[in-house]
Amino acid sequence: MLASRAMLGRILDIFRGRPIVVGGTSQLAEGHARRVDVGDPLAGGAQFLLCRVEGRVHAITTLCPHEGGRIAEGPMKDGSFAVCPLHMYGFDPRTGRPEGDVCSKARTFRVREEGDECRVWL
């Protein structure tokens, strides 16, 4: 059963496009966020956070939807919310929802962790 789910996931990945592969994710501590830069941000690159919540890795944009601040890496609020230091708003990296629904959702990305690396579809 698990083998067939894994195979189905790989087949669906073909249609989702090519993921970004990030190594060293087994080092990401529970309740922490790590920033990942892909390419040159001035030439269409991307920036996102990898966050470990309840044992799983999740990806969320660094761009705060409130006033263009940046959601920061490091320890997360209550181990579950990535924080934008501009107004101290917290965002759940699993769903993008803001803590207390104070503004719009932040964008999240599909992640699949395998061993010491993960794949992120932007």
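Higher on the page you've got the structure.
Within every chain, residues take consecutive numbers counted from 1 along the sequence as written. Local features are withheld for residues below a pLDDT of 70 in this predicted model, meaning they are given only at 70 or higher, and side-chain atom pairs are given and counted only at 80 or more; totals for whole chains, interfaces and linings count all residues. To obtain the side-chain values, all non-hydrogen atoms of the structure were included, while hydrogens and water were left out.

Engineer: Pulling in residues and values, what's your account of the pattern of salt bridges?
Structural biologist: Any carboxyl oxygen of Asp or Glu within 4 Å of a side-chain nitrogen of Lys or Arg constitutes a salt bridge here. This model, assessed by the stated rule, comprises 8 salt bridges. A salt bridge links Arg35 to Asp37, with the shortest nitrogen-to-oxygen separation between them at 3.2 Å. The rule is simple: take the accessible area with a 1.4 Å probe, protein chains only, and divide by the maximum for that residue type; under 20% is buried, over 50% is exposed, in between is partly exposed. Residue class for Arg35 comes out partly exposed when judged on its relative accessible area of 40%. Under the relative-accessibility criterion, Asp37 is labelled partly exposed at 45%. Residue Arg94 pairs with Glu54 through a salt bridge whose shortest N-O separation is 3.4 Å. Here Glu54 lies in the loop between strand S3 (46-53) and strand S4 (56-61) and Arg94 lies in the loop between strand S7 (89-91) and strand S8 (108-114), a separation of 40 residues in the sequence. The exposed category is assigned to Glu54, whose relative accessible area is 64%. Among the charged side chains, a network of salt bridges with common partners joins Arg112, Glu114, Glu117 and Arg119. Per the convention used, a helix needs a DSSP run of H or I reaching at least four residues, while a strand needs a run of E reaching at least two, with both numbered from the N terminus.

Engineer: Account for unusual backbone geometry, naming residues and giving values.
Structural biologist: Of note, Asp78 is a non-glycine position whose phi angle comes to about 55°, a positive value. When you line up the elements, Asp78 lands in the loop between strand S5 (74-75) and strand S6 (82-84). Given a relative accessible area of 64%, Asp78 falls into the exposed group. One non-glycine residue, Met88, adopts positive backbone phi at about 65°. Its place among the elements puts Met88 in the loop between S6 and S7. Among the residues examined, Met88 registers a relative accessible area of 53% and is labelled exposed.

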